[in-house]
Amino acid sequence: MTISNPHPAISSYPEWRQSKLSTYPLLPEQLIIDIPDINGLTHNIISQMSKNITKHNFSFYRFENPDQNNKQAVHNLATNRGLIHVDNNLCSDADNLTSIEVRENRGQHEYVPYTSRPINWHTDGYYNADDKQIHGVILHCARPAIEGGMNYVLDHDIAYILLKDENPAYIDALCHPNAMTIPANILNGEIIRPEQTGPVFSYTRDRRIHMRYSARLRNIIWRDDDATQEALAFLRTLWESDSPYILSYKLQAGEGFISNNVLHARTTFKDHNNKEMKRLLYRGRFFDAVNIK
Ligand SMILES: [Fe+2]
């Protein structure tokens, strides 16, 4: 889906930039689309969601019917919005949505998402091969944590704009095909994912900017040149700032967000003692972007 070495497929950058920035400041609540019945998605609901996706690359939603706070409903929404081709990751459930919860198993489930630790800023599947890039993500909250577990979201188009405003050379550096390298994932001596090298920013055939990124300090080898290092420092400063472009929202039961794989992060949380009441989210990663028609 991605093409290499293109000019941003945006007809007029200054106007596009202005239209993106002009929608802020913005409250997360403004982006929540209420869905009374997932089996009866109206033209109005789809049009509101498409508007959010077009403007911000993501939209929040809320299933109003508690009986629809389940994987089938999330799957139905994903399918309706063109999220069809699932990335079967290492921890995916049989039905291809991954349950994100604190797991006691050792081994692959020691990944941070399956703990109560904070998750640093990233886009999903940044370690995937070029032909397996994640363009669409849905994250649904079945049960929130009793404390913490706040989600942070930043439209990656905004990150692109802020970097370019600061220094256009940052964009050139982050578009370099060797910008980042993720070493192979080796579990019990077996290579379960080979080393991946690729750009942070690339441009898709459907005129979007795609971003692969993780703020994790470990396990990423960044291209060792000044512009790359300065761009990364710029982003680290952004994560520590109270930027009006960063939205923070704690998803409640039945709520979720659907996105073109925007930047996101999660704070630490405290889980419930009762197993049946522990924090539980469902996540789907797709090779498709969200359908906005
Ligand atoms: Fe994620």
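The preceding data block contains the structure.
Below is a summary of the structure that appears in this document. Source: prediction; values computed, not measured. (Residues numbered from 1 in each chain as written. Predicted model: local features only at pLDDT ≥ 70, side-chain atom pairs only at ≥ 80, totals over all residues.)

## A few points about the sheet that holds strand β3 (residues 58–63)
Moving on, step 1. Within the open sheet, the six strands sit side by side as β2-β3-β17-β6-β20-β4. Their pairing is mixed. The sheet terminates laterally at β2 (32–35) and β4 (98–100), the two strands that pair on one side only. Here the average twist between neighbouring strands, direction ignored, is 25°.
Moving on, step 2. Pairing geometry for β2 and β3, over four bridges, is parallel. Considered in β3, the bridge of Ile33 is made with Tyr61.
Moving on, step 3. Contacting β2 and β3, helix α2 (residues 43–56) runs over the sheet at an angle of about 150° to β3. (Pairing = 2+ DSSP bridges. Helix = DSSP H or I, 4+ residues; strand = E, 2+ residues; numbered from the N terminus. Axes fitted to C-alpha atoms, helices over the stretch in contact; angles between N-to-C directions. Contact = placed C-beta atoms within 7 Å.)

## Description of unusual backbone geometry
Moving on, step 1. The residue after Tyr24, namely Pro25, is reached through a cis peptide bond having omega 0°.
Moving on, step 2. Mapped onto the elements of the fold, Pro25 is located in the loop between α1 (13–21) and β2.
Moving on, step 3. Unlike most non-glycine residues, Asn188 shows phi in positive territory, near 50°.
Moving on, step 4. Considering the arrangement of structural elements, one finds Asn188 in the loop between β10 (185–187) and β11 (190–193).
Moving on, step 5. A positive phi angle, close to 55°, is found at Asn261, a residue other than glycine.
Moving on, step 6. Here Asn261 lies in the loop between β17 (255–259) and β18 (263–266).

## Structural notes on the environment of Pro113
Moving on, step 1. With respect to the helices and strands, Pro113 occurs in the loop between β4 and β5 (119–122).
Moving on, step 2. Residues Pro113 and Ala73 lie 40 residues apart in sequence; the distance between their C-alpha atoms is 23 Å.
Moving on, step 3. Excluding residues that lie within four positions of it along the chain, Pro113 makes contacts with Ile100 and Ile119.

## Observations concerning the packing of α1 against helix α4 (residues 156–166)
Moving on, step 1. Here α1 crosses α4 at 120°, and the two axes come no closer than 10 Å. Here α1 lies oblique to α4, going by the angle between them. Both α1 and α4 take part in a crossing whose hand is left-handed. For the pair α1 and α4, the contacting residues are Arg17, Lys20 and Leu21 in the first and Asp157, Ile158 and Ile161 in the second. (Parallel < 35°, antiparallel > 145°, perpendicular 65-115°, else oblique. Left-handed = near helix turned anticlockwise from the far one by under 90°.)

## What about α2?
Moving on, step 1. The end-to-end C-alpha distance of α2 is 20 Å, a good match for the 20 Å that 14 residues give at a rise of 1.5 Å each.
Moving on, step 2. When α2 is considered as a whole, its buried residues turn out to be Met49, Asn52, Ile53 and His56. Taken around the axis of α2, the buried residues stretch over an arc of 95°, which confines them to a single face. In α2, the exposed positions that point more than 90 degrees away from the buried face belong to His43, Asn44, Ser47 and Thr54.
Moving on, step 3. Looking at the packing, one finds that the buried side of α2 touches β2 and β3.
Moving on, step 4. Looking at the residues trailing α2, positive phi occurs at Asn57, about 70°. (Expected span 1.5 Å × (residues − 1). Buried ≥ 20, exposed ≤ 12 C-beta atoms within 10 Å, placed from the backbone. Arc of directions from axis to C-beta.)

## Some thoughts on the environment of Ala231
Moving on, step 1. Turning to its location among the elements, Ala231 is positioned in helix α6 (residues 226–240).
Moving on, step 2. Residues Ala231 and Leu163 lie 68 residues apart in sequence; the distance between their C-alpha atoms is 7.0 Å.
Moving on, step 3. Setting aside residues up to four positions removed in sequence, Ala231 forms contacts with Leu163, Tyr170, Ala173 and Leu174.

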